[in-house]
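Close look at the chain arrangement
Chain residues, written in single-letter form:
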Amino acid sequence: MPLGQFHHTISSVVGLRPSACEVLLPALTLDETAYCHNRDFFLEYARAAGVRIAPHAKTPMSADIAADLIEAGAWAATVANLQQAEAMLSHGISRILIANGLGGLRNAPRLAALQKEFPECEIVCIADSVAAVAVLSAAAATAESSIPVLVEVGAGRSGARTFEFAHLVAQAILRDPMLVLRGVATYEGSVEGLTEMARIEGIDALLSLVSRFFFASAPDSACRRPHNLCRGLPLFRPRD
């Protein structure tokens, strides 16, 4: 927003530079050339690897950017909570991945309300416990609409810690007629270690568990829905 100006149009702000004190801070600005280069580069990298990506909308907090990424080939927009999900859905994003558990049963009506308000959209949720499945079950029953669910396997802030526990979560999803088991999710960035090598070993162990559970829980070829494997994108040094 230009200094001293509270009513403006897009044309009045295009070209203004925060570095020249022409914009009140904080403000989100975008170098369109750099953005388009980075967008096309990482989406092509993902395509070459045979995967599709759901960029996290919490980084730009912009529905326009989320929509542009999806139009360019992203699978969905990832959000952190129901508030962000509502913002994205209300701006036309048709597939949302909520990357955190919803919390307690009090949040079930909020998810149900989104299911009812945006029936043409897909809201993918995660669950790392039988209690979390119960929350999604309550929301689906209230909305009278199925909910796709990923079993979260983890080693830090959240996620099932063992194959057996993840299996219990998956079985709870499969027993519910209103829930659809869509795959496995994890976030290796929360793995801790006293040394870099210890952390890498912890990440290896987590991904081995995720891989084992993913292939054990994947449906047969007759399944009408794809089976998803979702990971976070933390920064750590890969081994040679």
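Here the structure is a predicted model, which is why all the values come from computation and not from measurement.

This part takes up the overall build of the protein. Along the backbone of the protein there are eight helices and six strands. Across the protein, helices and strands are ordered from the amino to the carboxyl terminus as α-α-α-β-α-β-α-β-α-β-α-β-α-β. Looking at the protein as a whole, 39% of its 240 residues qualify as buried. The contacts of the protein with a sequence gap of at least 6 include a subset with a gap of at least 24, amounting to 62%.

Core analysis: the biggest nonpolar cluster contains 50 residues, and Ile96, Ile98 and Leu111 have the highest contact counts within it. The element contributing the most residues to this core is helix H6 (residues 130–143), with seven residues. Ignoring any residue separated from it by four or fewer positions in sequence, one finds Leu111 in contact with Leu82, Leu102, Ile123, Cys125, Leu136, Ala139 and Ile147. Ranked by size, the runner-up nonpolar core spans eight residues in total, among them Ala54, Leu97, Ile126 and Ala185.

Attention now goes to helix H2 (residues 32–48). In a regular helix each residue adds 1.5 Å, so 17 residues correspond to 24 Å; H2 covers 24 Å between its end C-alpha atoms and thus fits that length. By the burial criterion, the buried members of H2 are Tyr35, Arg39, Leu43 and Ala46. For H2, the buried positions fall inside an angular range of 55° around the axis, keeping them on one side. Of the residues in H2, the exposed ones pointing more than 90 degrees away from the buried face are Thr33, His37, Phe41, Tyr45 and Ala48. Elements in contact with the buried residues of H2: helix H3 (63–71). At the exit of H2 stands Gly50, carrying a positive phi of roughly 80°.

Our focus in this paragraph is the pattern of salt bridges. Going through the model one piece at a time under the given rule, you end up with five salt bridges. With a shortest N-O distance of 2.6 Å, Glu122 and Arg95 are connected by a salt bridge. Highlighted residues: Glu122 in strand S3 (residues 122–127) and Arg95 in strand S2 (residues 95–98), separated in sequence by 27 residues. Here Glu122 ties to Arg182 by a salt bridge, and the two come within 2.6 Å at their closest N and O atoms. Placement of the pair is Glu122 in strand S3 and Arg182 in strand S5 (residues 179–186), with a sequence separation of 60 residues. Residue classification places Glu122 among the buried positions, given a relative accessible area of 14%. Residue Arg182 is classed as buried on the basis of its relative accessible area, which comes to 2%. Salt bridges sharing partners connect three or more residues here, namely Arg39, Asp40 and Asp68.

So, on to the packing of helix H7 (residues 163–175) against helix H8 (residues 196–217). Axis separation between H7 and H8 bottoms out at 10 Å; the angle between their running directions is 35°. Of the two elements, H7 crosses H8, and the hand of that crossing is right-handed. Two secondary-structure elements touch here, H7 through Phe163, Ala166, His167 and Ala170 and H8 through Leu209, Arg212, Phe213 and Ala216.

Let us now look at H3. Taken together, the buried positions of H3 are Ala63, Ile65, Ala66 and Leu69. All buried residues of H3 fall inside an arc of 160° around its axis, so they share one side. For H3, the exposed residues lying more than 90 degrees away from the buried face are Asp64 and Glu71. Contact partners of the buried residues in H3: H2, strand S1 (77–79) and helix H4 (82–90).

A word on the side chain of Ser129. For Ser129, the location among the structural elements is in the loop between S3 and H6. Residue class for Ser129 comes out buried when judged on its relative accessible area of 18%. At 3.0 Å, the side chain of Ser129 forms a polar contact with the backbone nitrogen of Ala132. When near neighbours in sequence (up to four residues on either side) are disregarded, Ser129 contacts Phe165 and Val169.

Conventions used here
- Residues numbered from 1 in each chain as written.
- Predicted model: local features only at pLDDT ≥ 70, side-chain atom pairs only at ≥ 80, totals over all residues.
- Heavy atoms only, no water.
- Helix = DSSP H or I, 4+ residues; strand = E, 2+ residues; numbered from the N terminus.
- Buried < 20%, exposed > 50% of the residue type's maximum accessible area, 1.4 Å probe, protein only.
- Contact = heavy atoms within 4.5 Å.
- Core = buried A, V, L, I, M, F, W, Y, C linked by side-chain atoms within 4.5 Å.
- Expected span 1.5 Å × (residues − 1).
- Arc of directions from axis to C-beta.
- Salt bridge = Lys/Arg side-chain N within 4 Å of Asp/Glu carboxyl O.
- Axes fitted to C-alpha atoms, helices over the stretch in contact; angles between N-to-C directions.
- Left-handed = near helix turned anticlockwise from the far one by under 90°.
- Polar contact = N/O pair within 3.5 Å; in protein donor to acceptor, adjacent residues only side chain to side chain.

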